Amino acid sequence: MEDEKKVHNKHTHEEHEEMEMHKHEEHKMHEHMEHEGHEMGKEHEHMEHKDHGEHKHSHAEHHKMMMEDFKKRFIVSAILTIPILLLSPLIQKFLGFTFTFTGDRYVLFALSTVVYFYGGKPFLTGMKDELKKRTPGMMTLIALAITVAFFYSVAVTFGLPGKTFYWELATLIDIMLLGHYIEMRSVLGASRALEELIKLMPTDAHLITPEGIKDVPVSELKKGDIVLVKPGEKIPSDGIIIEGETSVNEAMLTGESKPVYKKPGDIVIGGSINLEGSIKVRIEKTGKDTYLMQVVELVRQAQETRSRTQDLANRAAFWLTLIAITAGSATLGTWLYLGKPFVFALERMVTVMVITCPHALGLAVPLVVSVSTSISARKGILIRNREAFERAKDVQVVVFDKTGTLTEGKFEVTDIIPLDELEDNEILKYAAALEGHSSHPIAQGIVEKAKELGLELYEVEQSKVLPGKGVQGVINGKEVLVVSPGFLKENGLWKEDERVNKVLEQGKTVVFLVIDGKLAGALALADKIRPESREAIKRLHEMGIKAYMLTGDNAKVAKWVAEELGLDGYFAEVLPHQKSEKVKELQEKGFIVAMVGDGINDAPALIQADVGVAIGAGTDVAIESADIILVKNDPRDVITAIHLARATYGKMVQNLAWATGYNTFAIPLAAGALYNYGILLSPAVGALLMSMSTVIVAINAKFLKV
């Protein structure tokens, strides 16, 4: 039930995100920007319709349009601000010049009206959206500030005693538009990782047809088509090599820096680069099913997923808005009570409401999320669940599946034991020669070891398989057998040997070489431990994290692997459905557990764990049960993921601390707490300080590194 509940929660979370996306909240990372964009004109409505209805434009394109709109509004408003400044009495007095003419105040009113309605439109429409949803936020604050300033100034222009706020209004709108433009550029920069990934796909392919080779768009390829890929070209789509050998550069896709050798039967990924020979590839996946498109989709989902820390920031922004409105009203009332003119009290209120805009707070988390998502995608770490990714920073135990995760899932010769006069290499040469034509994993392990040592194998005559017992043949005129311990016992050839007993106790597979009826030697084989696994376990221990292993293998094998790697513990002879129970046992002891497996028979355990990590996903990246997917078969990437989670959280805390800490001294300063010391902030200076805090938060997010 626990597992089902967790699966349900995951799906509910994802469905919720999708629903929110269709309600125009798809990028919670800057909710206020979305609000501006939704009613920014028919052009944007059309863009939204395309984005959600026809899926013809990407999320990034939508933001680019909004960003350009902010840029255009800023330029127009900034140009109009120049004559507004020149016509403002306070600016003339400050700069020591006079510039007046009949009706100048009405020109000032007309220019300011354009700036208010054109430049301020994103904030006014944003406020309408926020109030409709009963979530007053950053837009409400700005809109209130510019509206109070504008209508009070209009009243002064047409007869009310007092001074106008036109220049403060114009500069405030300019600064806010510029700040939004800069922020949207930062956010858009993080989304460019997706565009770069999509650019990896070639546009054309050389399709092999009965009539010859024909160049066709990649979009027209179908499963089963055969394509020719020449040296230097990109592979058009996921497939299998059916002819030719080459090396392929997969660095941009998997993070694997070394070129990967490929031969007939090997899988190739669309977008990777063919470096050497021409190859023929049979297309297996097209369109959205390809590895690259699945990566793009995962990165897109991750960028749009809200995180718990982000929700906290949004709640903080909401309360800060209420505090700012309350503080603004209190400031107005207090100064009026103290006998100050209404204009002075109003200016203090406007400044309070401007300087406390929770802009930096609203961006503190989302920008870090965007940057960390891009970094993780470049490193071959795909985040499906941001909440689980945030939990990764607190992981205390990492549980690894054995086969295919800590080990390579193939046999390797670990010990050669001479039982007569033959040397190690001679034993291996005889055994490898005899096993050379067998596809059995043990046979392949023996042959691989001989190749590794560069041994020249003997010629074999009259070889035959002894079903379930081994293989027999003639080498150099001698009868040679490679057989199991059972065969020796049946034929009275078995003899006790401490070295053989030791490897058998370790759970290794042992085969024996018999030459002319005489026992010559033994070879012990075991599932090959990945070289990277040793470093991964060592680094986990350095981080204070325990490493456990789960395996269906027998206890002897598990014990040997655990000792070789220096694991903190292991669970052996565990059936797939029991794996989640073992994870639960560790959780019940109070540990926060990450489970690392291949995502197939490990699915229940991946779901049960606090953080489920699928390793070596290869071309099948859409593993539903995992929270984090590691593209490469490298356990060390688990450490990279944990480091990234810790670094991401650290940046979030720094940004939240800056955004909230800034407001604790900003509100009293804006309200005029230091008025008796001659320190008084105008709304424009308040707007500048607020925008600076936002830019600092954006820059800090960009410095995220692992």
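If you look the protein chain up in an unreviewed UniProt entry, it shows as ATPase from Palaeococcus pacificus DY20341. Annotation of the protein chain in UniProt includes, under Subcellular location (unreviewed entry), the sentence "Cell membrane". In its Sequence similarities (unreviewed entry) section, the UniProt record describing the protein chain reads: "Belongs to the cation transport ATPase (P-type) (TC 3.A.3) family. Type IB subfamily."

Participant: How should the packing of helix H21 (residues 531–542) against helix H25 (residues 636–671) be read in this particular structure?
Facilitator: What describes two packed helices is the angle between their axes and the distance between those same axes. Where H21 meets H25, the axes come as close as 8 Å, and the angle between the chain directions of the two elements is 30°. Along the contact surface, H21 presents Glu532, Glu535, Ala536, Arg539 and Leu540, while H25 presents Arg636, Ile639 and Ile642. Tallied by class, residues from the contact of H21 with H25 come to four nonpolar, no polar and four charged.

Participant: Help me out: how do you make sense of the sheet that holds strand E3 (residues 226–229) in this one?
Facilitator: Pairing between sheet strands relies on hydrogen bonds along the backbone, with the strands arranged either parallel or antiparallel. Read from one edge to the other, the open sheet built from six strands follows the order E2-E1-E3-E9-E4-E7, with strand pairing classed as antiparallel. The open sheet is flanked by strand E2 (212–217) and strand E7 (267–268), the only strands paired with a single partner.

Participant: Would you take a moment to explain the sheet that holds strand E8 (residues 273–274) for this structure?
Facilitator: Spatial ordering of the open sheet is given by E6-E5-E8, a layout of three strands whose pairing is antiparallel. Each end of this open sheet is capped by a strand with a single partner; those strands are strand E6 (260–262) and E8. Here strand E5 (residues 246–249) pairs with E6 via three bridges, running antiparallel. Residue pairing for E6: Val248 is matched across the bridge by Val260.

Participant: Would you mind showing me how to read the UniProt feature "transmembrane region" (unreviewed entry) in the protein chain here?
Facilitator: The sites that carry the UniProt feature "transmembrane region" (unreviewed entry) are, in the present numbering, residues 74–91, 97–118, 139–159, 165–182, 316–338, 350–369, 656–675 and 681–701. In residues 97–118, helix accounts for 68% and strand for 0%; the two terminal C-alpha atoms are 30 Å from one another. The annotated region residues 139–159 carries 90% helix and 0% strand content, and the separation between its end C-alpha atoms amounts to 30 Å.

Participant: Just to check I follow, could you spell out helix H18 (residues 441–452) for this structure?
Facilitator: End to end, H18 covers 16 Å across twelve residues, agreeing with the expected 16 Å (1.5 Å per residue, within 8%). For H18, the complete set of buried residues consists of Ile442, Ala443, Gly445, Ile446, Val447, Lys449 and Ala450. For H18, the elements touching its buried residues are strand E12 (407–418), helix H17 (424–435), strand E16 (509–515) and strand E17 (518–529). A positive phi of about 70° marks Gly454, the residue just after H18.

Participant: Would you mind going over the environment of Thr135 with me for this structure?
Facilitator: Tracing the backbone through its elements, the reader meets Thr135 in the loop between helix H7 (121–132) and helix H8 (138–157). Judged by relative accessible area, Thr135 falls into the partly exposed class, the value being 33%. Residue contacts for Thr135: discarding those within four places in its chain leaves Glu130 and Phe318.

Participant: Would you mind going over the nonpolar core with me for this structure?
Facilitator: A general feature of soluble globular proteins is that nonpolar side chains tend to end up buried together. In this structure, Val398, Phe400, Leu540 and Leu567 are the most contacted members of the largest nonpolar core, which totals 50 residues. Among the elements that take part in this core, H25 stands out by supplying eight residues, more than any other. Both domains that furnish three or more residues to this core are identified here as domain 3 (305–372 + 645–703) and domain 4 (381–406 + 530–631). Setting aside residues up to four positions removed in sequence, Leu567 forms contacts with Leu406, Ile537, Ala547, Met549 and Ala562. The next biggest cluster of nonpolar side chains, apart from the first, holds 44 residues, and it includes Met139, Ile173, Leu177 and Val343.

Participant: Looking at this structure, I do not really get the packing of H17 against H18. What am I missing?
Facilitator: One can describe the packing of H17 onto H18 by two numbers: an axis separation of 9 Å at closest approach and a directional angle of 130°. Put simply, H17 runs oblique to H18. Crossing angle aside, the handedness with which H17 passes H18 is left-handed. Within the contact between the two elements, H17 uses Leu428, Ala431, Ala432 and Glu435 and H18 uses Ala443, Ile446, Val447, Lys449 and Ala450.

Participant: Just to check I follow, could you spell out the packing of aromatic side chains for this structure?
Facilitator: Scanning the entire structure with this criterion turns up 15 aromatic pairs. Taken together through their ring pairs, the aromatic side chains of Tyr116, Phe117, Phe150 and Phe151 make up a single cluster. Between the NZ or CZ atom of Lys340 and the centre of the ring of Phe344, over which it lies, the distance is 5.5 Å. Just above the ring of Trp494 sits the side chain of Lys489; from NZ or CZ to the centre is 4.7 Å.

Participant: Got a minute to help me understand the environment of Tyr261 in this structure?
Facilitator: Structurally, Tyr261 is set in strand E6. Residues Tyr261 and Glu276 lie 15 residues apart in sequence; the distance between their C-alpha atoms is 9.8 Å. Among the polar contacts listed, one links the side chain of Tyr261 to the side chain of Glu245, at a separation of 2.4 Å.

Participant: Even after reading the chapter, I still don't get the pairing of strand E13 (residues 461–466), so can you show me in this structure?
Facilitator: The side chains of a regular strand alternate between both faces of the sheet. Two elements, E13 and strand E14 (residues 470–475), share four bridges in a ladder whose sense is antiparallel. Across the sheet, the residue bridging to Leu466 is Gly470, located in E14. Counting the residues in the hairpin turn of E13 and E14 gives three residues, including Gly468, whose phi is positive at 75°.

Participant: Just to check I follow, could you spell out empty space enclosed by the protein for this structure?
Facilitator: The probe, sized like a water molecule, is rolled over the atoms to show the empty space still left. In total, this model carries two cavities of 30 Å³ or more according to the counting rule given. Taken as a whole, the largest cavity holds about 60 Å³ of empty space. The wall of the largest cavity is formed by Ala392, Val395, Ala594, Val611, Val613, Ile628, Val638, Ala641 and Ile642. Every element with two or more residues in the lining of the largest cavity is listed here: strand E21 (611–615) and H25. The greatest single-element share of the lining of the largest cavity, amounting to three residues, is contributed by H25. Looking at the lining of the largest cavity, its residues break down into nine nonpolar, no polar and no charged.

Participant: Just to check I follow, could you spell out unusual backbone geometry for this structure?
Facilitator: Backbone geometry follows two general trends: most residues other than glycine have a negative phi, and most peptide bonds adopt the trans configuration. Positioned with a positive phi, Gln462 is a non-glycine residue whose angle comes to about 45°. As for its placement among the helices and strands, Gln462 is situated in strand E13. The phi dihedral of Asp516 falls on the positive side, at around 50°, and the residue is not glycine.

Participant: For this particular structure, what's the right way to read the pattern of salt bridges?
Facilitator: Two side chains of opposite charge can pair, provided their charged atoms sit close to one another. Under the defined criterion, the tally for this structure stands at 21 salt bridges. The partner of Glu490 in a salt bridge is Lys469, with the nearest N and O atoms 3.6 Å apart. Of this pair, Glu490 sits in helix H19 (residues 485–490) while Lys469 sits in the loop between E13 and E14, and the two are 21 residues apart along the sequence. Given a relative accessible area of 57%, Glu490 falls into the exposed group. Counted as one network, the salt bridges with shared partners bring together Glu535, Arg539, Asp634 and Arg636.

Basis of the calculations
- Residues numbered from 1 in each chain as written.
- Predicted model: local features only at pLDDT ≥ 70, side-chain atom pairs only at ≥ 80, totals over all residues.
- Heavy atoms only, no water.
- UniProt positions renumbered as here; feature names shortened; annotations may be inferred.
- Axes fitted to C-alpha atoms, helices over the stretch in contact; angles between N-to-C directions.
- Helix = DSSP H or I, 4+ residues; strand = E, 2+ residues; numbered from the N terminus.
- Contact = heavy atoms within 4.5 Å.
- Nonpolar A, V, L, I, M, F, W, Y, C, P; charged D, E, K, R; others polar.
- Pairing = 2+ DSSP bridges.
- Expected span 1.5 Å × (residues − 1).
- Buried < 20%, exposed > 50% of the residue type's maximum accessible area, 1.4 Å probe, protein only.
- Core = buried A, V, L, I, M, F, W, Y, C linked by side-chain atoms within 4.5 Å.
- Domains from an automatic or database assignment.
- Parallel < 35°, antiparallel > 145°, perpendicular 65-115°, else oblique.
- Left-handed = near helix turned anticlockwise from the far one by under 90°.
- Phe/Tyr/Trp six-rings, centres within 6.5 Å; stacked < 30°, edge-to-face > 60°.
- Lys NZ or Arg CZ within 6 Å of the ring centre and 35° of its normal.
- Polar contact = N/O pair within 3.5 Å; in protein donor to acceptor, adjacent residues only side chain to side chain.
- 1 Å grid on protein atoms, 1.4 Å probe; cavity = no way out; pocket = protein on both sides within 12 Å on 5 of 7 lines; lining within 4 Å.
- Points joined across faces, edges and corners; volume = space filled by probe spheres on them.
- Salt bridge = Lys/Arg side-chain N within 4 Å of Asp/Glu carboxyl O.

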